[in-house]
Amino acid sequence: MKTELLAPAGDIEAGYAALYYGADAVYLGLQQFSARATATNFDEQNLNEFVGYAHHLGRKVYVAVNTVVQEDELTQLLQTLDICSRCNADAVIIQDLGVARVVRESYPELEMHASTQMAVHNKEGALTLQKLGFSRVVVARELTLGEIKEIADIPNLEIEAFVHGALCYSYSGLCLFSSFESGRSANRGKCLYPCRAEFEGDTGKKHYFSMKDMALQEDILKIPGISLKIEGRKKTALYVAAVTDYYRRLLDGKPVENRAENIKQIFSRPWCKFHFNGKDKNIVDRNFVGHRGLKIGEISKFSKKSIVFKTNYEIGRYDGLQIEVPDLEKPFGFSIQQMRVNQKNVFEAKKGEEVEVYLPFKSPDLNKGLEVYLASSTKVKGGYDYTKPKPFVYEQKIPLDVKIRIEKNKISASSGDNNVEISGIFEKANQPQKVEESVRKAFEKSGDTVFVLSSLDVENKDDLFVPVSVLNELRRNLYMKIIPQYKRGNLPEVIKSMRNNPQWIIRTDKPKALKLLDLSDVAEVVVLLSDDFDVSKLNLLPKNKIRLALPTVCRNITLWKNLINKLCDAGFKKWEIANYWGKSVLPNKGIDLSFDAPIYMFNTQAMMMAKELGACRITLPAEDLLSNLQKTTKNSPLPVVWEIYGDNPLFTSAVCIRNNECKDCLRNEKRIEVRKNGHQYEVLSKKCQTMLFDTDAYCVAAEAKNVVADYYRVSFVYKDYTPDKVAKIWNKVHNFEDVNYIHKGNLLSKIL
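What counts and how
- Numbering of residues starts from 1 in each chain and follows the order in which that chain's sequence is written.
- It should be noted that, the model being predicted, local features are given only for residues of pLDDT at least 70 and side-chain atom pairs only at 80 or more, the latter also being counted only at that level, while totals for whole chains, interfaces and linings use all residues.
- Side-chain figures throughout are based on the complete set of non-hydrogen atoms in the structure, without hydrogens or water.
- By definition, any uninterrupted DSSP run of H or I lasting at least four residues is a helix, any uninterrupted run of E lasting at least two residues is a strand, and each is numbered from the N terminus.
- Accessible area is worked out with a 1.4 Å probe on protein chains only. A residue is then buried under 20% of its type maximum, exposed over 50%, and partly exposed in between.
- As used in this structure description, the phrase polar contact means that two N or O atoms lie within 3.5 Å; if the pair is within protein, one of them must be able to donate a hydrogen and the other to accept it, and residues adjacent in sequence are counted only when both atoms belong to side chains.
- Contacts between residues were defined by any pair of non-hydrogen atoms, one from each residue, lying within 4.5 Å.
- Two rings from Phe, Tyr or Trp (for Trp, the six-membered ring) form a pair when their centres sit within 6.5 Å of each other. Planes less than 30 degrees apart are called stacked, planes more than 60 degrees apart edge-to-face, and all others tilted.
- Charge-over-ring placement is defined geometrically: NZ (Lys) or CZ (Arg) within 6 Å of the ring centre, and within 35 degrees of the ring normal.
- In this description, strands pair whenever DSSP reports at least two bridges between them.
- The axes used here are C-alpha line fits, helices contributing only the stretch in contact, and every angle between their N-to-C directions lies in the interval 0 to 180 degrees.
- To define a nonpolar core, start from buried Ala, Val, Leu, Ile, Met, Phe, Trp, Tyr and Cys residues and group those joined through side-chain atoms within 4.5 Å.
- Here the word oblique covers every angle except those under 35 degrees (roughly parallel), over 145 (roughly antiparallel) and from 65 to 115 (roughly perpendicular).
- In this count, Pro and Cys sit with the nonpolar residues alongside Ala, Val, Leu, Ile, Met, Phe, Trp and Tyr, while Asp, Glu, Lys and Arg are called charged and the others, Gly among them, polar.

Phi at Asn342 takes a positive value of approximately 55°, unusual for a residue other than glycine. By the secondary structure assignment, Asn342 is in the loop between strand E18 (339-341) and strand E19 (344-346). Overall, the relative accessible area of 67% leaves Asn342 in the exposed class. Backbone geometry at Asp463 places phi at a positive 50°, although glycine is not the residue there. Relative to the helices and strands, Asp463 resides in the loop between strand E26 (451-459) and helix H12 (468-482).

Now for the side chain of His291. Here His291 shows up in the loop between strand E12 (271-272) and strand E13 (294-302). Here His291 falls in the buried class, since its relative accessible area comes to 17%. Here the side chain of His291 touches Ser268 through a polar contact of 2.9 Å, landing on its backbone nitrogen. If near-sequence neighbours (up to four positions away) are discounted, His291 is found in contact with Lys264, Gln265, Ile266, Phe267, Ser268, Gln322, Pro331 and Ala375.

Turning our attention to the packing of aromatic side chains. The tally for this structure, following the rule as stated, stands at 29 aromatic pairs. Pairing Tyr20 with Tyr21 gives two aromatic rings, centres 4.9 Å apart and planes at 75°, and the pair type is edge-to-face. An aromatic cluster is present here, built from Tyr169, Phe177, Phe199, Phe209, Phe651 and Tyr681 joined pairwise through their rings. One cation-aromatic arrangement involves Arg141 over Phe162; the distance from NZ or CZ to the ring centre is 3.6 Å. Directly above the ring of Phe572 sits Lys543, whose terminal nitrogen or CZ lies 4.9 Å from the centroid.

Attention shifts here to the sheet that holds strand E24 (residues 410-415). Pairing is mixed in the open sheet, where four strands are placed in the order E25-E24-E23-E26. The open sheet is flanked by strand E25 (418-423) and E26, the only strands paired with a single partner. Looking at each pair of strands side by side, their axes are set apart by 20° on average, direction ignored. Packing against the sheet, helix H11 (residues 435-443) makes contact with strand E23 (398-407), E24 and E26, and its axis sits at approximately 155° to E26. Those strands touched by H12 are E23, E24, E25 and E26, and its axis lies near 150° from that of E25.

Core analysis: the biggest nonpolar cluster contains 223 residues, and Leu97, Phe209, Ile323, Trp575, Phe595, Trp642 and Tyr645 have the highest contact counts within it. Sorting elements by how many residues they give to this core places helix H8 (residues 237-252) first, with nine residues. Excluding its chain neighbours within four sequence positions, the residues that come into contact with Phe595 are Glu576, Ile577, Met601, Ala610, Leu613, Ala615, Arg617, Ile618 and Thr619. Listed in part, the 29 residues of the second largest apolar core include Ile422, Val470, Tyr479 and Ile483.

Before going further, it helps to examine the packing of helix H4 (residues 97-106) against helix H15 (residues 604-612). Closest axis-to-axis distance for the H4/H15 pair is 7 Å, and the angle between their directions is 80°. Between H4 and H15, the crossing angle belongs to the class labelled roughly perpendicular. Side by side, H4 and H15 meet where Leu97, Gly98, Ala100, Arg101, Val102 and Arg104 of the first sit next to Gln605, Ala606, Met608, Met609 and Glu612 of the second. A breakdown of the residues in the contact of H4 with H15 according to their chemical character gives six nonpolar, two polar and three charged.

Below, the discussion takes up the environment of Glu324. Along the chain, the position of Glu324 falls in the loop between strand E16 (320-323) and strand E17 (332-335). Since its relative accessible area comes to 14%, Glu324 is described here as buried. In sequence terms Glu324 and Asn287 are 37 residues apart; their C-alpha atoms lie 9.1 Å from each other. With near-sequence residues (within four places) excluded, Glu324 lies in contact with Phe288, Arg292, Leu370, Glu371 and Tyr373. A distance of 2.3 Å separates a polar atom in the side chain of Glu324 from a polar atom in the side chain of Arg292.

On to the sheet that holds strand E22 (residues 371-376). Reading across the sheet, the eight strands line up as E17-E16-E22-E13-E14-E21-E18-E19 and stay open at both edges, with antiparallel pairing between neighbours. Edge positions in the open sheet fall to E17 and E19, since each of these has one partner strand only. On average, adjacent strands in this sheet sit at an angle of 40° to one another, irrespective of strand direction. Pairing geometry for E18 and strand E21 (residues 354-358), over two bridges, is antiparallel. Considered in E21, the bridge of Arg340 is made with Glu356. The sheet strands contacting helix H9 (residues 259-266) are E13 and E22, and the helix crosses E22 at an angle near 85°.

Okay, structure coming up:
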């Protein structure tokens, strides 16, 4: 594909700014099912006009329908997809397999792009989604240049990669932190960003999980032939304009001058390139959180009333400054109300001048050497004007050919196979030549419908007169009869499976921890593998009950392919996958395949898609509501597994939390305790991967007896479970009894 610059639009103004400054395509969300639920987003009228204008310019528009969808929302999903189809969106961005199935079956005109929320982080995951009908995959932000290029080499598959904007500590789509802590799910577009908070850890109070912003800058020129994506659907039109302009100039080989500095003072945390050029530990902003701005100097003198510094950037009165003050969680910010150069009051200070800036009342204690940042520039705010079309000029309408027949006792209108008529007594017209003109005026009034009159054929042999009120009613009747044809989406059929008598599953990553259990009452033991797993430990378990589980994230595919082949040759045929890459590396035949919870199953359409992918059973999502679980389990096309006890990763990350340098690291398993507002969490660091856990386990055993699942699962993974502890927990949970020190996630909430 041709290199594409893809810009965000949280509202129509940001969209117009993106197009004006050179975006080849724009991505945006509607009022529902957008992973930026708190952005302004677009309604149908805005989307219709914006797509019309973008297509006029030869650009594209992609609509993000990229949240998970609950069972009762499938009808609303159809309404959203109808809008995308009516407005001629170029593609929809999707996370939920159920949404993908509906689009593939009922909206084939819409291209499917796999959202970064699907956590595609290797070539094998991308290949699986390509086979499902996705024309483009948005790869995980964590990837290196080499990994991106490897996926981009897949024939007939487009690749999209983030190049600028905010970063999550977790792989996108693999985070339950906001959901479990506040009931606001990132997978539903409602994340409250608890990762950016201050935690107490082994080096004191720090923002251990608060990421810097990504800014690949000139490195984008290393990856031609993909879509280069700018993050920012919650950012202003000014920000979108500045970032789009900057990267457009880089791609076109034009000078960028001070445009990077402009971006930094509009909105920016400190910049990094993440792991694009290899593993990098300098990607977390531990000491401060939020917008920093452009560094313009350091305090050389200070008093209670003012600070003095040499500015390396032009500043003016009413610009905003920020200063990084130790022990403050956020930089100290204020607007310049008075400043002096050479003992004289000035409105502007030029680059290189020593300036004295007066402080607001009750400023914090400042010191020499503290860094000063320009956080807002009046000059830059006025430097990114853009033009936009007049309202309704590019509104897209569906052309209609209408035929009118006027008779003495009725008037009828038809378009295609649609016919309506109104009875009445119609007399001779005093001015027959004006009747057709009246009919035309009436039918050209399409109002807020999607139609525009293309051609009109009036048959009025007897030169009869028809009142305007009758013509208007006839038009409304005809258009209202046609409109339902443009709301045509249907939910593909779901074939309900037969329910089985409930059975029990135990999941572990340490088989010896189960040595005190009687496994005769257990249908299966799912063993979570790791790349250093001692396969001889499988001999501790009955082979006929073993199902082998692949990890969610795989960054060394060769190692895993060798291990999988070895185990398949040894006769292990039951497998579980937690990400799409697993489907590509397992044999296509002779495998009993289970989908684990990170492949989200919030609706029966997703479950049906899993079945079509070859799954023999699925696992219910950990953050779902009891009310939704009751509906999906009842109508599932596959046997369902419900984990009613376990330790769910609040996030899974490629960012290292350790303080040592990479060259000195043993990469062995390390556990670190962190606390926030008195609540304790456990961090597991191993082989350059970080996982966060609540110290309390997830347990819904007491509620499980009210939901008939095919399998109830009890998990003992990630933490150090002793045989005694495993036995005590199993004896209670197996009897649908809760244990102590637990949480129930979102299960009993009313809204997700």
